[in-house]
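# Tertiary structure, described
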Protein chains: 2
Amino acid sequence: MLKLSKLTDYATVILSHMAKDYLGMYASQEVSERTGIAQPTVSKILKILVKAKILTSVRGAKGGYLLASAPENITVAMVINALEGPIALTECSLSHKNCDHVRDCDIQGNWGVINQKILTMLESVTLADMLEPIKPANEIRISASSFFR
Amino acid sequence: MLKLSKLTDYATVILSHMAKDYLGMYASQEVSERTGIAQPTVSKILKILVKAKILTSVRGAKGGYLLASAPENITVAMVINALEGPIALTECSLSHKNCDHVRDCDIQGNWGVINQKILTMLESVTLADMLEPIKPANEIRISASSFFR
DNA sequence: ATTAAATAGTACTAAACTAGTCCACAATAA
DNA sequence: TTATTGTGGACTAGTTTAGTACTATTTAAT
Ligand code: FES
Ligand code: FES
(Lines give C-alpha, C1' and ligand atoms only; values in the text may rest on other atoms or scores of the structure.)
(Ligands and ions follow the chains in the order given, each with its own letter.)
Protein backbone atom coordinates (compact mmCIF):
# COMPACT_ATOMS: atom_id res chain seq x y z
CA MET A 1 0.00 0.00 0.00
CA LEU A 2 2.92 2.42 -0.46
CA LYS A 3 2.95 3.44 3.13
CA LEU A 4 5.28 4.53 5.84
CA SER A 5 5.80 2.29 8.83
CA LYS A 6 3.91 3.08 11.99
CA LEU A 7 7.17 3.97 13.69
CA THR A 8 7.84 6.66 11.12
CA ASP A 9 4.38 8.02 11.64
CA TYR A 10 4.94 8.10 15.38
CA ALA A 11 8.29 9.77 14.86
CA THR A 12 6.67 12.68 13.09
CA VAL A 13 4.10 12.99 15.82
CA ILE A 14 6.81 12.96 18.46
CA LEU A 15 8.97 15.45 16.62
CA SER A 16 6.05 17.75 16.02
CA HIS A 17 5.37 17.73 19.70
CA MET A 18 8.96 18.53 20.48
CA ALA A 19 9.10 21.21 17.81
CA LYS A 20 6.48 23.30 19.54
CA ASP A 21 9.09 24.34 22.08
CA TYR A 22 12.11 23.38 20.15
CA LEU A 23 14.71 24.52 22.64
CA GLY A 24 13.19 22.55 25.49
CA MET A 25 14.32 19.17 26.67
CA TYR A 26 11.96 16.24 26.74
CA ALA A 27 12.27 12.99 28.65
CA SER A 28 10.96 9.93 26.86
CA GLN A 29 8.58 9.44 29.77
CA GLU A 30 7.02 12.80 29.21
CA VAL A 31 6.80 12.42 25.45
CA SER A 32 5.01 9.16 25.97
CA GLU A 33 2.45 10.77 28.25
CA ARG A 34 1.84 13.66 25.94
CA THR A 35 1.48 11.67 22.76
CA GLY A 36 -0.19 8.56 24.08
CA ILE A 37 2.42 6.34 22.45
CA ALA A 38 3.70 3.59 24.76
CA GLN A 39 6.91 4.46 26.55
CA PRO A 40 9.13 1.61 25.24
CA THR A 41 8.11 2.49 21.72
CA VAL A 42 8.77 6.18 22.22
CA SER A 43 12.13 5.28 23.65
CA LYS A 44 13.02 3.14 20.69
CA ILE A 45 12.13 5.91 18.27
CA LEU A 46 14.04 8.57 20.17
CA LYS A 47 17.15 6.41 20.16
CA ILE A 48 16.92 6.02 16.43
CA LEU A 49 16.48 9.74 15.94
CA VAL A 50 19.57 10.42 18.00
CA LYS A 51 21.60 8.04 15.92
CA ALA A 52 20.39 9.92 12.85
CA LYS A 53 21.46 13.18 14.48
CA ILE A 54 17.98 14.61 14.31
CA LEU A 55 17.94 14.76 18.10
CA THR A 56 20.62 15.13 20.69
CA SER A 57 20.41 13.42 24.03
CA VAL A 58 21.47 14.23 27.55
CA ARG A 59 22.00 11.24 29.79
CA GLY A 60 21.49 10.96 33.49
CA ALA A 61 18.90 12.40 35.82
CA LYS A 62 17.17 15.46 34.37
CA GLY A 63 18.35 14.29 31.02
CA GLY A 64 16.26 13.96 27.92
CA TYR A 65 16.19 14.77 24.24
CA LEU A 66 16.34 17.99 22.25
CA LEU A 67 16.07 18.81 18.59
CA ALA A 68 19.52 18.90 17.05
CA SER A 69 18.48 21.77 14.82
CA ALA A 70 15.64 24.18 14.28
CA PRO A 71 12.35 22.73 12.97
CA GLU A 72 12.92 24.56 9.69
CA ASN A 73 16.00 22.47 9.10
CA ILE A 74 14.53 19.06 9.82
CA THR A 75 12.86 17.58 6.79
CA VAL A 76 10.33 14.82 6.49
CA ALA A 77 12.79 13.05 4.22
CA MET A 78 15.35 13.02 7.03
CA VAL A 79 12.88 11.43 9.37
CA ILE A 80 11.82 8.78 6.90
CA ASN A 81 15.42 8.10 6.14
CA ALA A 82 16.24 7.65 9.81
CA LEU A 83 13.50 5.13 10.42
CA GLU A 84 13.28 3.28 7.15
CA GLY A 85 16.54 3.82 5.39
CA PRO A 86 16.99 5.33 1.96
CA ILE A 87 13.86 6.25 0.08
CA ALA A 88 13.70 3.99 -2.94
CA LEU A 89 10.43 3.03 -4.52
CA THR A 90 11.92 0.07 -6.30
CA GLU A 91 14.98 -1.99 -5.59
CA CYS A 92 16.44 -0.76 -8.83
CA SER A 93 16.24 2.87 -7.82
CA LEU A 94 18.79 1.99 -5.18
CA SER A 95 20.90 -0.63 -6.88
CA HIS A 96 20.42 -2.62 -10.01
CA LYS A 97 22.01 -5.68 -8.52
CA ASN A 98 18.86 -7.17 -7.07
CA CYS A 99 16.92 -7.19 -10.26
CA ASP A 100 19.12 -9.46 -12.31
CA HIS A 101 16.45 -11.98 -13.20
CA VAL A 102 14.35 -9.30 -14.86
CA ARG A 103 15.48 -9.23 -18.44
CA ASP A 104 14.07 -6.92 -21.05
CA CYS A 105 13.62 -4.05 -18.62
CA ASP A 106 13.53 -0.63 -20.19
CA ILE A 107 12.23 1.29 -17.27
CA GLN A 108 14.69 1.35 -14.40
CA GLY A 109 15.88 4.81 -15.19
CA ASN A 110 12.38 6.19 -15.21
CA TRP A 111 11.68 4.78 -11.79
CA GLY A 112 14.78 6.59 -10.70
CA VAL A 113 13.33 9.85 -11.94
CA ILE A 114 10.04 9.31 -10.14
CA ASN A 115 11.92 8.36 -7.04
CA GLN A 116 14.02 11.48 -7.20
CA LYS A 117 10.95 13.66 -7.51
CA ILE A 118 9.32 12.16 -4.49
CA LEU A 119 12.54 12.54 -2.57
CA THR A 120 12.80 16.20 -3.52
CA MET A 121 9.25 16.72 -2.44
CA LEU A 122 9.83 15.12 0.93
CA GLU A 123 13.00 17.11 1.38
CA SER A 124 11.05 20.28 0.84
CA VAL A 125 8.75 19.69 3.79
CA THR A 126 10.10 20.58 7.20
CA LEU A 127 8.94 19.99 10.71
CA ALA A 128 8.00 23.64 10.84
CA ASP A 129 5.70 23.11 7.86
CA MET A 130 4.08 20.13 9.52
CA LEU A 131 3.02 22.29 12.42
CA GLU A 132 1.36 24.91 10.25
CA PRO A 133 -2.37 24.60 9.89
CA ILE A 134 -3.26 23.43 6.41
CA LYS A 135 -3.93 25.99 3.75
CA PRO A 136 -6.72 24.89 1.47
CA ALA A 137 -5.31 26.19 -1.80
CA ASN A 138 -2.48 23.84 -2.56
CA GLU A 139 -1.68 24.21 -6.18
CA ILE A 140 0.25 21.36 -7.63
CA ARG A 141 3.05 22.59 -9.81
CA ILE A 142 3.67 19.50 -11.84
CA SER A 143 1.81 19.20 -15.08
CA ALA A 144 1.21 15.77 -16.48
CA SER A 145 2.53 16.58 -19.90
CA SER A 146 5.86 17.85 -18.70
CA PHE A 147 6.69 15.07 -16.34
CA PHE A 148 9.48 13.42 -18.21
CA ARG A 149 10.57 16.39 -20.24
CA MET B 1 11.96 1.76 3.41
CA LEU B 2 9.10 3.51 1.59
CA LYS B 3 9.06 1.09 -1.24
CA LEU B 4 6.75 -0.59 -3.63
CA SER B 5 6.27 -4.32 -3.38
CA LYS B 6 8.15 -6.54 -5.75
CA LEU B 7 4.92 -7.51 -7.42
CA THR B 8 4.20 -3.88 -8.28
CA ASP B 9 7.65 -3.57 -9.69
CA TYR B 10 7.11 -6.67 -11.80
CA ALA B 11 3.75 -5.34 -12.92
CA THR B 12 5.35 -2.26 -14.40
CA VAL B 13 7.94 -4.36 -16.14
CA ILE B 14 5.24 -6.61 -17.57
CA LEU B 15 3.07 -3.72 -18.64
CA SER B 16 5.98 -1.94 -20.26
CA HIS B 17 6.68 -5.04 -22.23
CA MET B 18 3.07 -5.28 -23.34
CA ALA B 19 2.91 -1.59 -24.13
CA LYS B 20 5.53 -1.89 -26.83
CA ASP B 21 2.92 -3.46 -29.08
CA TYR B 22 -0.12 -2.37 -27.23
CA LEU B 23 -2.70 -3.88 -29.52
CA GLY B 24 -1.15 -7.31 -29.42
CA MET B 25 -2.29 -10.15 -27.21
CA TYR B 26 0.10 -11.81 -24.82
CA ALA B 27 -0.18 -15.17 -23.12
CA SER B 28 1.17 -15.34 -19.58
CA GLN B 29 3.55 -18.02 -20.76
CA GLU B 30 5.08 -15.72 -23.30
CA VAL B 31 5.29 -12.78 -20.93
CA SER B 32 7.11 -14.98 -18.46
CA GLU B 33 9.66 -16.00 -21.07
CA ARG B 34 10.24 -12.48 -22.22
CA THR B 35 10.59 -10.89 -18.82
CA GLY B 36 12.27 -13.70 -16.93
CA ILE B 37 9.68 -13.57 -14.17
CA ALA B 38 8.42 -17.01 -13.13
CA GLN B 39 5.24 -18.05 -14.85
CA PRO B 40 3.01 -18.49 -11.76
CA THR B 41 4.01 -15.06 -10.56
CA VAL B 42 3.34 -13.48 -13.93
CA SER B 43 -0.01 -15.19 -13.97
CA LYS B 44 -0.91 -13.87 -10.55
CA ILE B 45 -0.06 -10.34 -11.54
CA LEU B 46 -1.95 -10.49 -14.82
CA LYS B 47 -5.07 -11.67 -13.02
CA ILE B 48 -4.86 -8.77 -10.64
CA LEU B 49 -4.42 -6.32 -13.48
CA VAL B 50 -7.50 -7.68 -15.20
CA LYS B 51 -9.55 -7.26 -12.06
CA ALA B 52 -8.37 -3.65 -11.95
CA LYS B 53 -9.42 -3.23 -15.58
CA ILE B 54 -5.94 -2.30 -16.67
CA LEU B 55 -5.89 -5.39 -18.86
CA THR B 56 -8.56 -7.38 -20.58
CA SER B 57 -8.33 -11.11 -20.98
CA VAL B 58 -9.41 -13.61 -23.56
CA ARG B 59 -9.92 -17.09 -22.28
CA GLY B 60 -9.42 -20.37 -24.02
CA ALA B 61 -6.84 -21.57 -26.50
CA LYS B 62 -5.16 -18.68 -28.32
CA GLY B 63 -6.29 -16.48 -25.49
CA GLY B 64 -4.21 -14.05 -23.55
CA TYR B 65 -4.13 -10.54 -22.23
CA LEU B 66 -4.28 -7.11 -23.84
CA LEU B 67 -4.02 -3.59 -22.52
CA ALA B 68 -7.49 -2.28 -21.77
CA SER B 69 -6.48 1.17 -22.96
CA ALA B 70 -3.65 2.96 -24.68
CA PRO B 71 -0.37 3.28 -22.76
CA GLU B 72 -0.96 7.02 -22.52
CA ASN B 73 -4.04 6.34 -20.41
CA ILE B 74 -2.54 3.91 -17.97
CA THR B 75 -0.86 5.66 -15.08
CA VAL B 76 1.66 4.43 -12.59
CA ALA B 77 -0.81 5.35 -9.89
CA MET B 78 -3.36 2.96 -11.36
CA VAL B 79 -0.86 0.14 -11.32
CA ILE B 80 0.20 0.77 -7.75
CA ASN B 81 -3.41 1.01 -6.76
CA ALA B 82 -4.21 -2.31 -8.38
CA LEU B 83 -1.46 -4.19 -6.62
CA GLU B 84 -1.24 -2.45 -3.28
CA GLY B 85 -4.52 -0.70 -2.76
CA PRO B 86 -4.97 3.01 -2.15
CA ILE B 87 -1.84 5.11 -1.92
CA ALA B 88 -1.70 6.43 1.63
CA LEU B 89 1.59 7.22 3.29
CA THR B 90 0.11 7.11 6.76
CA GLU B 91 -2.96 5.41 8.11
CA CYS B 92 -4.40 8.80 8.82
CA SER B 93 -4.21 9.90 5.21
CA LEU B 94 -6.76 7.22 4.52
CA SER B 95 -8.87 7.21 7.64
CA HIS B 96 -8.40 8.76 11.02
CA LYS B 97 -10.00 5.82 12.77
CA ASN B 98 -6.84 3.82 13.23
CA CYS B 99 -4.88 6.47 14.97
CA ASP B 100 -7.06 6.95 18.02
CA HIS B 101 -4.37 6.31 20.60
CA VAL B 102 -2.29 9.17 19.28
CA ARG B 103 -3.42 12.22 21.16
CA ASP B 104 -2.02 15.65 20.64
CA CYS B 105 -1.54 15.19 16.91
CA ASP B 106 -1.51 18.36 14.88
CA ILE B 107 -0.20 16.96 11.70
CA GLN B 108 -2.68 14.58 10.11
CA GLY B 109 -3.87 17.15 7.65
CA ASN B 110 -0.39 17.91 6.46
CA TRP B 111 0.30 14.27 5.79
CA GLY B 112 -2.81 14.34 3.69
CA VAL B 113 -1.37 17.16 1.62
CA ILE B 114 1.92 15.37 1.09
CA ASN B 115 0.06 12.24 0.20
CA GLN B 116 -2.06 14.06 -2.32
CA LYS B 117 0.98 15.53 -3.99
CA ILE B 118 2.64 12.17 -4.38
CA LEU B 119 -0.57 10.77 -5.75
CA THR B 120 -0.86 13.56 -8.28
CA MET B 121 2.70 12.96 -9.33
CA LEU B 122 2.15 9.26 -9.82
CA GLU B 123 -1.04 9.94 -11.72
CA SER B 124 0.87 12.14 -14.10
CA VAL B 125 3.21 9.37 -15.21
CA THR B 126 1.88 6.96 -17.80
CA LEU B 127 3.07 3.71 -19.22
CA ALA B 128 3.97 5.60 -22.35
CA ASP B 129 6.24 7.83 -20.29
CA MET B 130 7.91 4.83 -18.72
CA LEU B 131 8.96 3.57 -22.12
CA GLU B 132 10.60 6.83 -23.13
CA PRO B 133 14.32 6.99 -22.67
CA ILE B 134 15.20 9.28 -19.82
CA LYS B 135 15.79 12.92 -20.52
CA PRO B 136 18.59 14.25 -18.34
CA ALA B 137 17.14 17.68 -17.65
CA ASN B 138 14.31 17.01 -15.27
CA GLU B 139 13.44 20.25 -13.60
CA ILE B 140 11.53 19.87 -10.43
CA ARG B 141 8.69 22.31 -10.23
CA ILE B 142 8.08 22.32 -6.52
CA SER B 143 9.92 24.91 -4.54
CA ALA B 144 10.53 24.27 -0.91
CA SER B 145 9.22 27.58 0.23
CA SER B 146 5.88 27.20 -1.46
CA PHE B 147 5.13 23.70 -0.38
CA PHE B 148 2.36 24.33 2.06
CA ARG B 149 1.16 27.62 0.70
C1' DA C 1 -16.98 -34.90 -29.17
C1' DT C 2 -12.35 -34.60 -27.72
C1' DT C 3 -8.24 -32.51 -26.76
C1' DA C 4 -5.11 -28.87 -25.91
C1' DA C 5 -4.28 -24.25 -24.56
C1' DA C 6 -5.29 -20.74 -22.00
C1' DT C 7 -7.40 -17.80 -18.07
C1' DA C 8 -10.02 -17.61 -13.17
C1' DG C 9 -10.22 -18.30 -8.61
C1' DT C 10 -8.65 -19.76 -4.44
C1' DA C 11 -5.84 -21.65 -1.05
C1' DC C 12 -1.48 -22.54 0.95
C1' DT C 13 3.46 -22.22 2.68
C1' DA C 14 7.79 -20.21 3.76
C1' DA C 15 10.25 -16.27 4.40
C1' DA C 16 10.78 -11.61 5.64
C1' DC C 17 9.53 -7.65 8.03
C1' DT C 18 7.34 -4.87 11.81
C1' DA C 19 5.77 -3.57 16.20
C1' DG C 20 6.30 -3.72 20.52
C1' DT C 21 8.58 -5.16 24.78
C1' DC C 22 12.29 -6.13 27.97
C1' DC C 23 16.59 -6.14 30.32
C1' DA C 24 21.33 -5.28 31.74
C1' DC C 25 24.35 -1.31 31.42
C1' DA C 26 26.15 3.65 31.60
C1' DA C 27 25.86 8.42 32.89
C1' DT C 28 24.54 12.22 35.67
C1' DA C 29 22.12 15.19 39.27
C1' DA C 30 20.96 15.69 43.86
C1' DT D 1 24.89 6.72 47.12
C1' DT D 2 20.59 6.70 45.01
C1' DA D 3 17.20 7.91 41.81
C1' DT D 4 16.60 9.18 37.18
C1' DT D 5 17.36 9.00 32.61
C1' DG D 6 19.40 7.44 28.16
C1' DT D 7 22.05 3.13 25.39
C1' DG D 8 22.37 -1.05 23.16
C1' DG D 9 20.96 -5.24 22.01
C1' DA D 10 17.95 -9.14 22.01
C1' DC D 11 13.62 -11.22 21.65
C1' DT D 12 8.69 -12.54 20.50
C1' DA D 13 4.39 -12.40 18.27
C1' DG D 14 1.98 -10.84 14.59
C1' DT D 15 1.49 -9.43 9.97
C1' DT D 16 2.65 -9.09 5.23
C1' DT D 17 4.73 -10.67 0.98
C1' DA D 18 6.36 -13.73 -2.49
C1' DG D 19 5.85 -17.48 -4.66
C1' DT D 20 3.56 -21.87 -5.76
C1' DA D 21 -0.12 -25.21 -6.59
C1' DC D 22 -4.48 -26.94 -7.78
C1' DT D 23 -9.06 -27.15 -9.66
C1' DA D 24 -12.53 -25.24 -12.62
C1' DT D 25 -13.83 -22.84 -16.80
C1' DT D 26 -13.54 -21.24 -21.49
C1' DT D 27 -12.44 -21.65 -26.33
C1' DA D 28 -9.92 -23.14 -30.75
C1' DA D 29 -8.62 -26.77 -33.44
C1' DT D 30 -9.22 -31.36 -34.96
S1 FES E 1 15.87 -3.31 -13.40
FE2 FES E 1 14.48 -3.66 -11.81
S3 FES E 1 12.53 -3.27 -12.67
FE4 FES E 1 13.91 -2.96 -14.24
S1 FES F 1 -3.85 11.18 13.44
FE2 FES F 1 -2.44 9.66 12.86
S3 FES F 1 -0.50 10.60 13.00
FE4 FES F 1 -1.89 12.11 13.60
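These notes cover the structure that comes with them. (Residues numbered from 1 in each chain as written. Chains lettered and ligands numbered in written order. Predicted model: local features only at pLDDT ≥ 70, side-chain atom pairs only at ≥ 80, totals over all residues. Heavy atoms only, no water.)

### Quick look at the nonpolar core
Ranked by internal contacts, the top residues of the largest apolar core, which has 33 residues, are A:Ile114, A:Leu122, B:Ile114 and B:Leu122. Counting residues per element, the ones that place at least two in this core are helix 4 (76–84) and helix 6 (108–123) of chain A together with helix 4 (76–84) and helix 6 (108–123) of chain B. Contacts of A:Leu122, omitting those with residues within four sequence positions, involve A:Thr75, A:Val76, A:Ala77, A:Ile80, A:Ile87, B:Leu2 and B:Ile114. (Core = buried A, V, L, I, M, F, W, Y, C linked by side-chain atoms within 4.5 Å. Buried < 20%, exposed > 50% of the residue type's maximum accessible area, 1.4 Å probe, protein only. Helix = DSSP H or I, 4+ residues; strand = E, 2+ residues; numbered from the N terminus. Contact = heavy atoms within 4.5 Å.)

### Observations concerning the protein's contact with DNA strand D
Neighbouring residues of DNA strand D: 24 residues in total, closest A:Ser57, A:Tyr65, B:Lys6, B:Lys44 and B:Arg59. A distance of 2.8 Å separates a phosphate oxygen of DNA strand D from a polar side-chain atom of A:Ser57. One of the side-chain nitrogen or oxygen atoms of A:Tyr65 is found 2.9 Å away from a phosphate oxygen of DNA strand D. Where the surface near DNA strand D is concerned, the elements lending two or more residues are strand 1 (55–58) and strand 2 (64–67) of chain A together with helix 1 (6–20) and helix 3 (39–51) of chain B. (Near = heavy atom within 4 Å. Polar contact = N/O pair within 3.5 Å; in protein donor to acceptor, adjacent residues only side chain to side chain.)

### Details of the pairing of strand 2 of chain A
Residue and element names in this part refer to chain A. The pairing of strand 1 with strand 2 spans four bridges and is antiparallel. Of the residues in strand 2, the one forming a bridge with Thr56 is Leu66. The antiparallel hairpin formed by strand 1 and strand 2 contains five residues in its connecting segment, where Gly60 sits at a positive phi of about 85 degrees. (Pairing = 2+ DSSP bridges.)

### Quick notes on the protein's contact with DNA strand C
If you check the shell around DNA strand C, you find 23 residues, and the closest are A:Lys6, A:Lys44, B:Lys47, B:Ser57 and B:Tyr65. What you see for DNA strand C is that sugar and phosphate hold 63% of its atoms within 4 Å of the protein. The separation between a phosphate oxygen of DNA strand C and a polar side-chain atom of A:Tyr10 is 3.5 Å. One of the side-chain N or O atoms of B:Ser57 is found 2.5 Å from a phosphate oxygen in DNA strand C.

### Observations concerning the packing of helix 1 (residues 6–20) of chain A against helix 3 (residues 39–51) of chain A
Residue and element names in this part refer to chain A. One way to put it is that helix 1 packs onto helix 3 with a least axis distance of 10 Å and a crossing angle of 80 degrees. If you check the angle between helix 1 and helix 3, you find them roughly perpendicular. Between helix 1 and helix 3, the contacting residues are Leu7, Tyr10, Ala11, Ile14, Leu15 and Met18 on the first element and Thr41, Val42, Lys44, Ile45, Leu46 and Leu49 on the second. When the residues that make up the contact of helix 1 with helix 3 are grouped by side-chain class, the tally is 10 nonpolar, one polar and one charged. (Axes fitted to C-alpha atoms, helices over the stretch in contact; angles between N-to-C directions. Parallel < 35°, antiparallel > 145°, perpendicular 65-115°, else oblique. Nonpolar A, V, L, I, M, F, W, Y, C, P; charged D, E, K, R; others polar.)

### Here we look at the environment of B:Asn115
Residue and element names in this part refer to chain B. Within the secondary structure layout, Asn115 lies in helix 6. With 28 residues separating them along the chain, Asn115 and Ile87 place their C-alpha atoms 7.7 Å apart. Of note is the side chain of Asn115, whose polar atom sits 3.2 Å from the backbone oxygen of Ile87.

### Observations concerning the environment of A:Leu122
All names here are of chain A. One can find Leu122 in helix 6. Among the residues examined, Leu122 registers a relative accessible area of 0% and is labelled buried. C-alpha separation for the pair Leu122 and Lys20, spaced 102 residues apart in sequence, amounts to 21 Å.

### Some remarks on the side chain of B:Thr75
All names here are of chain B. You can see Thr75 is positioned in the loop between strand 2 (64–67) and helix 4. Residue Thr75 is classed as buried on the basis of its relative accessible area of 12%. Among the polar contacts listed, one links the side chain of Thr75 to the backbone nitrogen of Met78, at a separation of 3.1 Å. Excluding anything up to four places from it in sequence, Thr75 contacts Leu122, Glu123, Val125 and Thr126.

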